[in-house]
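Coordinates in review
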Amino acid sequence: VRRYNQQGAVVVAASPAYMDNFERDIGIGYLIQRISQESGVEYIVLQSIDGIVLASKKVEKMLKIGQDPFLQSALTEGVAKSRITSFDGKEVLEVVKAFQSEEIPSGIFRIGLSLDGYRKVDSSYQKQMVLFSVILFFLGLLIIGVVIINQNYFVLDRSYKEIKTLTGNVLEAMHSAVVAVDEEGKIIMLNRLAEDLFGIKRSHTLNQKYDSIFPDDPCLIKQTMEKKRASQDVETVFKTLSGSSRNLLIGSSCLFD
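**A word on the overall build of the protein chain**
Looking only at helices and strands, the protein chain has eight helices and nine strands in total. Expected size for 257 residues packed as a compact globule is a radius of gyration near 18 Å; at 50 Å, the protein chain overshoots this value by more than 25%. Taking the principal axes of its C-alpha atoms as reference, the protein chain extends roughly 140 × 55 × 30 Å. Residues classed as buried in the protein chain amount to 25% of the 257 residues present. Contacts in the protein chain between residues far apart in sequence, at least 24 positions, make up 32% of those at least 6 positions apart. For the protein chain, the accessible area works out to roughly 19300 Å², and carbon and sulfur atoms hold 56% of it. In the protein chain, the 30 positive side-chain charges and the 31 negative ones have mean positions that sit 2 Å from each other.

**Points about the packing of aromatic side chains**
A complete count under the given rule lists five aromatic pairs for this structure. Each ring, one from Y43 and one from F87, has its centre 4.4 Å from the other, and the planes form 45°; the classification is tilted. Taken together, the residues span a long stretch of sequence, with Y43 in strand β1 (residues 41-48) and F87 in strand β3 (residues 81-87) at a distance of 44 residues. Classification of Y43 as buried rests on a relative accessible area of 1%. Taking the relative accessible area as the measure of exposure, F87 reaches 11% and is therefore buried. Consider the rings of F198 and F214, whose centres lie 5.0 Å apart with planes at 70°: the pair is edge-to-face.

**Focus on helix α3 (residues 69-77)**
Turn by turn, an α-helix covers 3.6 residues, leaving residues three or four places apart pointing in a common direction. Listed in full, the buried residues belonging to α3 are F70, L71, S73 and A74. Projected down its long axis, α3 shows its buried positions confined to an angular sector of 160°, all on one face. The exposed residues of α3 that point more than 90 degrees off its buried face are P69 and T76. On its buried side, α3 packs onto β1, β3, β4 (90-99) and β5 (107-114). Two or three places before F70, at the start of α3, stands the capping residue D68, its side-chain oxygen 3.0 Å from that residue's backbone nitrogen.

**Digging into the nonpolar core**
V179, I187, F198, Y210, F214, C219 and I221 are the most contacted members of the largest nonpolar core, which totals 15 residues. Contributions of two or more residues to this core are made by β6 (179-181), β7 (187-190), α5 (192-198) and β9 (245-252). Residues in contact with C219, not counting those within four places in the same chain, are V179, F198, Y210, I250 and S252.

**A few points about the environment of S244**
Among the secondary structure elements, S244 is positioned in the loop between β8 (231-239) and β9. For the pair formed by S244 and D50, sequence separation is 194 residues and the distance between their alpha carbons is 130 Å. Those residues in contact with S244, other than ones at most four positions away along the chain, are F238 and K239.

**Considerations on the pattern of salt bridges**
In total, this model carries 11 salt bridges according to the counting rule given. The shortest N-O distance in the salt bridge between E77 and K81 comes to 3.7 Å. We classify E77 as partly exposed; its relative accessible area is 47%. Accessibility expressed as a relative area gives 23% for K81, which makes it partly exposed. Taking the shortest distance from any N to any O, the salt bridge between R83 and E94 comes out at 2.9 Å. Separated by 11 residues along the polypeptide, R83 in strand β3 and E94 in strand β4 bring together distant segments of the chain. The residues R83 and E94 share a single accessibility class, namely buried.

What counts, and at which threshold
- Residues numbered from 1 in each chain as written.
- Predicted model: local features only at pLDDT ≥ 70, side-chain atom pairs only at ≥ 80, totals over all residues.
- Heavy atoms only, no water.
- Helix = DSSP H or I, 4+ residues; strand = E, 2+ residues; numbered from the N terminus.
- Rg over C-alpha atoms; globule rule 2.2 N^0.38 Å.
- Buried < 20%, exposed > 50% of the residue type's maximum accessible area, 1.4 Å probe, protein only.
- Contact = heavy atoms within 4.5 Å.
- Areas by Shrake-Rupley, 256 points an atom, 1.4 Å probe, with all protein chains shown as cover.
- Lys, Arg positive; Asp, Glu negative; His and termini not counted.
- Charge placed at Lys NZ, Arg CZ, Asp CG, Glu CD.
- Phe/Tyr/Trp six-rings, centres within 6.5 Å; stacked < 30°, edge-to-face > 60°.
- Arc of directions from axis to C-beta.
- Polar contact = N/O pair within 3.5 Å; in protein donor to acceptor, adjacent residues only side chain to side chain.
- Core = buried A, V, L, I, M, F, W, Y, C linked by side-chain atoms within 4.5 Å.
- Salt bridge = Lys/Arg side-chain N within 4 Å of Asp/Glu carboxyl O.

That is the geometry; function is a separate question.
Next comes the structure, spelled out in structure tokens:
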């Protein structure tokens, strides 16, 4: 080979045996064997009309091009085509492409790729999708539940306000003094007639302990809560802060739940 930068030539002398080995080591057969050892590659085949030209070690026999319409179409169309086929008892993805060569018979190049990795990814993906669907389902139920609860709460709140307004109007219109306490003994309701009768102000009385406002228990509320028994038409005398006395007819009862 002529030298590029200087005069002269590069001469390599080698024996025919060395050149044969060299050609075998860097030839297409060597490349096919190397590529077939890569993970995921099941087989590689160079196939002509007459049969197999070169193939990886796993290949013992292959269907001829003339007997397979898919291979025939790949050869005539000259474009890469793929299909799912069976090899050595399992499914593989086969990619086929026609080739032209001056050194070896022209034909098709076939490579079979393992689907094991794809199956694992697909299985994992399906499990993730199922889990994701379950999460979305329960999340949807939760959202629907929250919406329903909010709607029910809105309806109950509106009904409660209406009942509270109606109850307040009824109590205010009664011709009797009414005092109510909660389970802790705090005054939670006092109508206008009770203010006038006992000489106290509602603003200073609500949420206050009943005992601190009525230490003598004129309404018999303390007695009723202790005995858990109603009292009806009990006559008693109540002395106001101004010192005047009033005869009262008391009735009391417990409200549960």
